[in-house]
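A closer look at the structure
Chain residues, written in single-letter form:
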Amino acid sequence: MAGGGVAEVQPDGEPVIRMTAMPADTNAYGDIFGGWLMSLMDMGAGLVASRRCKGRAATVAMDGMQFHEPVAVGDEVSVHAYIESEGRTSIKIAVEAWRRHRHEEVRVKVTEARFTFVAIDDNGRPRPVSG
């Protein structure tokens, strides 16, 4: 239970990356760049895709990016991901980013999106996901 007796909502998917938002990740107003979050999410989805494809996988699309809450310098950002669907050469991965203020326990979902990856061979050509 989070503070106030309210059950904390849990992230979907397995944790794949955890980082601390730093001053270098901000814009001129001190807000964390959305692009920094997208990059973390793409890296996390890429880890899941490469493991499932047992090799190289390339990002080909990102859909439904939604920013729900801001991230502050010092916040811990955790990326969670799971395979949503799979085709012959492609895989769709749902990704969520959650933040936890440095001195608190409550996590809040800040961003979510769906990433599509294509399994590729050593020549950059699509290959079956199953390898």
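Data block above holds the structure.
Our subject in this report is the structure included herewith. (Residues numbered from 1 in each chain as written. Predicted model: local features only at pLDDT ≥ 70, side-chain atom pairs only at ≥ 80, totals over all residues. Heavy atoms only, no water.)

1. Focus: helix α1 (residues 34-53)
For α1, spanning 20 residues, the distance from its first C-alpha to its last is 28 Å, which sits close to the expected 28 Å at 1.5 Å a residue. Along α1, the residues classified as buried are W36, L37, L40, M41, G44, A45, G46, V48, A49 and C53. The positive-phi residue at the C-terminal boundary of α1 is K54, with phi of around 55 degrees. (Helix = DSSP H or I, 4+ residues; strand = E, 2+ residues; numbered from the N terminus. Expected span 1.5 Å × (residues − 1). Buried < 20%, exposed > 50% of the residue type's maximum accessible area, 1.4 Å probe, protein only.)

2. Quick word on the pattern of salt bridges
Throughout the structure, instances matching the rule amount to seven salt bridges. For E14, the salt bridge is made with R51, and the minimal N-O distance between the two is 2.9 Å. Within this pair, whereas E14 is found in strand β1 (residues 14-20), its partner R51 is found in helix α1, the two being separated by 37 residues in sequence. Residue R51 is classed as partly exposed on the basis of its relative accessible area, which comes to 48%. As a salt-bridge pair, R114 and E84 come within 2.8 Å of each other at their nearest N and O atoms. With a gap of 30 residues between them, R114 in strand β5 (residues 107-119) and E84 in strand β3 (residues 76-86) connect regions that are remote in the sequence. (Salt bridge = Lys/Arg side-chain N within 4 Å of Asp/Glu carboxyl O.)

3. Re the side chain of T111
Assignment of secondary structure puts T111 in strand β5. We classify T111 as buried; its relative accessible area is 0%. Apart from the residues lying within four places of it in its own chain, the contact partners of T111 are L37, M41, M65, Q66, F67, H68, V95, E96 and A97. (Contact = heavy atoms within 4.5 Å.)

4. Points about the sheet that holds β5
With respect to topology, five strands assemble into an open sheet ordered β1-β3-β4-β5-β2, the strand pairing being antiparallel. One side of each edge strand has no neighbouring strand; the edge strands of this open sheet are β1 and β2 (57-67). Recorded for the sheet is a direction-independent mean angle of 25 degrees between the axes of neighbouring strands. Bridging between β2 and β5 involves eight bridges; their strand directions are antiparallel. (Pairing = 2+ DSSP bridges. Axes fitted to C-alpha atoms, helices over the stretch in contact; angles between N-to-C directions.)

5. Quick word on the nonpolar core
Formed by 26 residues in total, the largest nonpolar core has its most connected members in I93, V95 and F117. Elements that contribute at least two residues to this core include exactly α1, β3, β4 (90-100) and β5. Discounting chain neighbours no more than four positions away, the residues touching F117 are D42, A45, G46, A49, A57, A58, T59, V60, T89, S90, I91 and I93. (Core = buried A, V, L, I, M, F, W, Y, C linked by side-chain atoms within 4.5 Å.)

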